[in-house]
Amino acid sequence: MNPYLDHTVGAPVTDTAVPAGPIEQRWDRRRFEAALVNPANRRGHTVIVVGTGLAGGAAGATLAEQGYRVVQFCFQDSPRRAHSIAAQGGINAAKNYRNDGDSVRRLFYDTVKGGDFRARESNVHRLAQVSVEIIDQCVAQGVPFAREYGGLLDTRSFGGVQVSRTFYARGQTGQQLLLGAYQALSRQIAAGRVEMHARTEMLDLIVVDGRARGIVARDLVTGRITTHLADAVVLATGGYGNVFHLSTNAKNSNATAIWRAHRRGALFANPCFTQIHPTCIPRSGDHQAKLTLMSESLRNDGRIWVPRAQGDTRLPADIPEAERDYYLERIYPSFGNLVPRDIASRAAKNVCDEGRGVGPGGQGVYLDFADAIARLGRAEIEAKYGNLFEMYQRITAEDPYRTPMRIYPAIHYTMGGLWVDYDLQTTVPGLFAIGEANFSDHGANRLGASALMQGLADGYFVLPPTLNDYLARHRPAPVPEDHPAVEAAVAEVTDQLHLILAVDGDRTPESFHRELGALLWDECGMARNDAGLRRALARIPQLREEFWRRIKVPGTGEELNQALEKANRIVDYLELAELMCLDALHRTESCGGHFREESRTDTGEAARRDEEFGYAAAWEFTGTGNAPVLHREQLHFEHVHPTQRSYA
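K.L.:
Break down the overall build of the protein chain for me, with residues and values.
P.N.:
Assigned secondary structure in the protein chain consists of 17 helices and 21 strands. The C-alpha atoms of the protein chain give 24 Å as radius of gyration, which agrees with the globular expectation for 648 residues (26 Å, within 12%). Across its three principal directions, the C-alpha atoms of the protein chain cover 75 × 60 × 50 Å. Burial analysis of the protein chain (648 residues in total) assigns 62% to the buried set.

As structure tokens, then:
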């Protein structure tokens, strides 16, 4: 039996730093009560920001604009190659430009409900408030949002809502928002207030006297190990979806920064809450290294269907309307094709499991634009989605204007991450986690177009005043380069790299990653059950032991060595995967993206158990292979009371 299963329960997490008072006033109250650093004194403080996506880029630019010295890192060759650039569909904001009943309150309600009542209300309400400011900030930066004929910003709908609040730039919203943040960051680099380190990966967190004071990093071109010290550290390194090997994430996206911080004392919350996106191009074979996402915005005009009969292999054009099942419109008439992602993904899995899937292996459903083209004309569809249609055609060699797209769910976003309080500070003082790197705003399921909103909210508006408060209250003393904690962190990093290189086995990093990812997808993917999770928890320690016997990494550590990079990340994936499965095993309810087959309603929907699991599970690291300690943050719902989610 895996000793990892014998986890213990520690003290509850109660120090969330949430201000008292009416929820509508908490963020304003927090900003007013925050201590300030005099503008003349800010240039005497150094802040490390790891990551240059929307959250990291926005944070680095804003902190430098305030006057802090920012040292920033990305493992890409340029900040504008961050994975945020891949986001397609849009960004939510409660502007109510359509006058269709939207408001900050409704965005707050939709987000708490869409997260299946597993998010902290105070954080979500702040996100809804700040959303209004984000759009103004981005327009001022020159982000070319789509506009209506009269010149007003245009919006469209996304899943889980009944209003039109998603601002967009065709199918390139993430790219345009990132370029806005990158321009602001570039201005600070040119001004000398941001010191940018590209092609550099964080490999450990330096903790001195219980506070985060720096990082250990590796130059990915030369292999040189360096240390960087500061008064505070901000992690904006994204999510951990690539632990599944096949996901919609960029191949280099990884979990090393947040996992190494977890090993240094930062609690890791809700690791089993991973999102399956329903609108992905189906996998085409074992040769694939990643999957490609088609924007959720396509569900505004595309209709999703499968044949009514099992095993119907006719071409879609040959299947009459009466023999098609528009199953989302049938099961969820109020929301139709715009149900939340977890609902749409499970529904697609169900019809495919019934033998009604389409395409190779029956692992696909149709996303059909024939009705929209007939109603609006091809030119209108091209104006809205032209680049997405072109991308689909290049990948599949099929013309979506003439034949329906084929889609199937895939791993996309991760709602779990480092536990943070209301100030976005982890349980390691001085260490902040923003964007997808933290757990805070999405509960068990992220609504579409909310990731861009959270990343920019955290970076532009939330982190700057809370980090100000931390630095004003603590005034950390300088840490010498030869401090024992610094030398110990460097030694641990170099020792692990040398161990990996010394094995000289017969298996590639890719082979281990592929096997681990397949195991996770099968046992901790779209559906989980007790037996499957226990199988995974039995296999992962064996796979870890095999890794340290058989890993093969050619070359040395003193050069460009991508095999070494990958192997080093797989060490973290193996530990993270184990925690994900344990978290999923202990949470014997179905909730959002976490669907336990033993916990479902009479109609097959997810069945929460609020009285037992109405909390965030924050795990404490106790050593590789050792049982972690579970700390619970009890969630309180004063404004959006938990009910069985219904989108019918």
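Having seen the model, we can carry on.
K.L.:
So what about the side chain of Asn-242? Which residues, and what values?
P.N.:
Of note, Asn-242 is situated in the loop between strand S11 (232-235) and helix H7 (256-263). On the accessibility criterion, Asn-242 (2% relative accessible area) is buried. Of the polar contacts made by the side chain of Asn-242, one reaches the backbone oxygen of Ala-250; its length is 2.7 Å. In this structure, Asn-242 is in contact with Ser-247, Asn-249, Ala-250, Lys-251, Asn-252, Ser-253, His-513 and Tyr-573, ignoring residues within four places of it in sequence.

K.L.:
Help me get a handle on the sheet that holds strand S1 (residues 8-9), residues and values and all.
P.N.:
Strand order in this open sheet of five strands is S1-S21-S20-S12-S18, and the pairing throughout is mixed. Every interior strand has two partners, whereas the edge strands, S1 and strand S18 (417-418), have only one. Note that S1 and strand S21 (residues 629-634) share two bridges and pair parallel. The partner of Val-9 across the bridge, within S21, is Leu-630. Together, strand S12 (268-269), strand S20 (615-620) and S21 form the strand contacts of helix H16 (residues 562-586), whose direction differs from that of S20 by roughly 145°.

K.L.:
Kindly report on the pattern of salt bridges, identifying the contributing residues and their values.
P.N.:
All told, the structure shown has 63 salt bridges when counted by the stated rule. We note a salt bridge from Arg-98 to Glu-148, for which the minimum N-O separation is 3.6 Å. Of the two residues, Arg-98 sits in the loop between strand S4 (91-92) and helix H4 (104-114) while Glu-148 sits in the loop between helix H5 (121-140) and strand S5 (155-156), which places them 50 residues apart along the sequence. By relative accessible area, Arg-98 is classed as partly exposed at 36%. Judged by its relative accessible area of 35%, Glu-148 is partly exposed. Here Asp-371 and Arg-303 are joined by a salt bridge, their closest N and O atoms 2.5 Å apart. Of the two residues, Asp-371 sits in helix H10 (residues 370-376) while Arg-303 sits in strand S14 (residues 303-307), which places them 68 residues apart along the sequence. Several salt bridges share partner residues, and in doing so they unite Asp-116, Arg-118, Asp-342, Arg-346, Arg-587, Glu-589, Arg-608, Asp-610 and Arg-645 into one network.

K.L.:
Run through the pairing of strand S2 (residues 46-50), naming residues and quoting values.
P.N.:
The buried fraction of S2 is high, at five of five residues. Here S2 shows two buried faces, one formed by Thr-46, Ile-48 and Val-50 and the other by Val-47 and Val-49.

K.L.:
Let's hear about helix H15 (residues 530-550): which residues, and what values?
P.N.:
Its 21 residues place the ends of H15 30 Å apart at the C-alpha level, agreeing with the 30 Å of an ideal helix rising 1.5 Å per residue. What H15 keeps buried is the set Gly-532, Leu-533, Ala-536, Leu-537, Ile-540, Leu-543, Arg-544, Glu-546 and Phe-547. Packing partners of the buried residues in H15 comprise helix H14 (509-524) and H16. Two or three places before Ala-531, at the opening of H15, Asn-529 has a side-chain oxygen 3.3 Å from that residue's backbone nitrogen.

K.L.:
Before we move on, can you summarise the packing of H4 against H5 with the specific residues and values?
P.N.:
Closest axis-to-axis distance for the H4/H5 pair is 9 Å, and the angle between their directions is 135°. One way to sum up the angle between H4 and H5 is to call them oblique. Considering how the two elements wind past one another, H4 and H5 form a crossing that is right-handed. Judged by residue contacts, Val-104, Leu-107, Phe-108, Thr-111 and Val-112 of H4 engage Glu-121, Val-124, His-125, Ala-128, Gln-129, Ser-131 and Val-132 from H5. Residue classes in the contact of H4 with H5 are distributed as seven nonpolar, four polar and one charged.

K.L.:
For the sheet that holds strand S16 (residues 365-368), give the residues involved together with the corresponding values.
P.N.:
Within the open sheet, the five strands sit side by side as S13-S17-S16-S14-S15. Their pairing is antiparallel. Among the strands making up the open sheet, the edge pair consists of strand S13 (274-280) and strand S15 (324-325). In this sheet, S16 lies alongside S14 in antiparallel orientation, the contact comprising three bridges. By the bridge assignment, Trp-305 is partnered in S16 with Tyr-366. Lying on the sheet, helix H9 (residues 341-353) is in contact with S13, S14, S16 and strand S17 (405-414); it crosses S13 at an angle near 65°.

K.L.:
Account for the packing of H15 against H16, with residues named and values stated.
P.N.:
Packing of H15 against H16 brings their axes to within 9 Å, and their N-to-C directions diverge by 160°. With respect to their mutual orientation, H15 and H16 come out roughly antiparallel. Crossing geometry of H15 relative to H16 is assigned as left-handed. In contact with Asp-530, Leu-533, Arg-534, Ala-536, Leu-537, Ile-540, Pro-541, Leu-543, Arg-544, Phe-547 and Trp-548 of H15, H16 contributes Ala-567, Ile-570, Val-571, Leu-574, Glu-575, Ala-577, Glu-578, Cys-581, Leu-582, Ala-584 and Leu-585. Of the residues contributing to the contact of H15 with H16, the split by class is 17 nonpolar, no polar and five charged.

K.L.:
Let's hear about the packing of aromatic side chains: which residues, and what values?
P.N.:
For the coordinates displayed, the defined rule picks out 20 aromatic pairs. Between the aromatic rings of Phe-335 and Tyr-647, the centroid separation amounts to 4.8 Å while the plane-to-plane angle is 85°, which identifies the pairing as edge-to-face. Here Tyr-647 lies in the segment after S21 and Phe-335 lies in the loop between helix H8 (327-331) and H9, a separation of 312 residues in the sequence. The same class applies to Phe-335 as to Tyr-647, namely buried. For the pair Tyr-385 and Phe-389, a centre-to-centre distance of 6.4 Å together with 15° between the ring planes defines the contact as stacked.

K.L.:
Lay out the nonpolar core in plain terms, naming residues and giving numbers.
P.N.:
With 184 residues, the main nonpolar core has Ile-91 and Val-243 as its most contacted residues. For this core, the leading source of residues is H16, giving 14 residues. Leaving out residues up to four positions away in the same chain, Val-243 has contacts with His-513, Leu-516, Gly-517, Leu-520, Tyr-573, Leu-576, Ala-577 and Met-580. In this structure, Trp-305, Ile-319, Tyr-326 and Tyr-366 belong to the second largest nonpolar core, which totals five residues.

K.L.:
Please give an account of H7 that cites residues and values.
P.N.:
Within H7, seven of the eight residues are buried, which leaves the element mostly enclosed by the surrounding structure. Where H7 is concerned, the buried positions are Thr-256, Ala-257, Ile-258, Trp-259, Arg-260, Ala-261 and His-262. Just downstream of H7, Gly-265 is the residue with a positive phi angle, here 125°.

Procedures and definitions
Residues numbered from 1 in each chain as written. Predicted model: local features only at pLDDT ≥ 70, side-chain atom pairs only at ≥ 80, totals over all residues. Heavy atoms only, no water. Helix = DSSP H or I, 4+ residues; strand = E, 2+ residues; numbered from the N terminus. Rg over C-alpha atoms; globule rule 2.2 N^0.38 Å. Buried < 20%, exposed > 50% of the residue type's maximum accessible area, 1.4 Å probe, protein only. Polar contact = N/O pair within 3.5 Å; in protein donor to acceptor, adjacent residues only side chain to side chain. Contact = heavy atoms within 4.5 Å. Pairing = 2+ DSSP bridges. Axes fitted to C-alpha atoms, helices over the stretch in contact; angles between N-to-C directions. Salt bridge = Lys/Arg side-chain N within 4 Å of Asp/Glu carboxyl O. Expected span 1.5 Å × (residues − 1). Parallel < 35°, antiparallel > 145°, perpendicular 65-115°, else oblique. Left-handed = near helix turned anticlockwise from the far one by under 90°. Nonpolar A, V, L, I, M, F, W, Y, C, P; charged D, E, K, R; others polar. Phe/Tyr/Trp six-rings, centres within 6.5 Å; stacked < 30°, edge-to-face > 60°. Core = buried A, V, L, I, M, F, W, Y, C linked by side-chain atoms within 4.5 Å.

In short, the description is geometric, and any link to function would need to be established separately.
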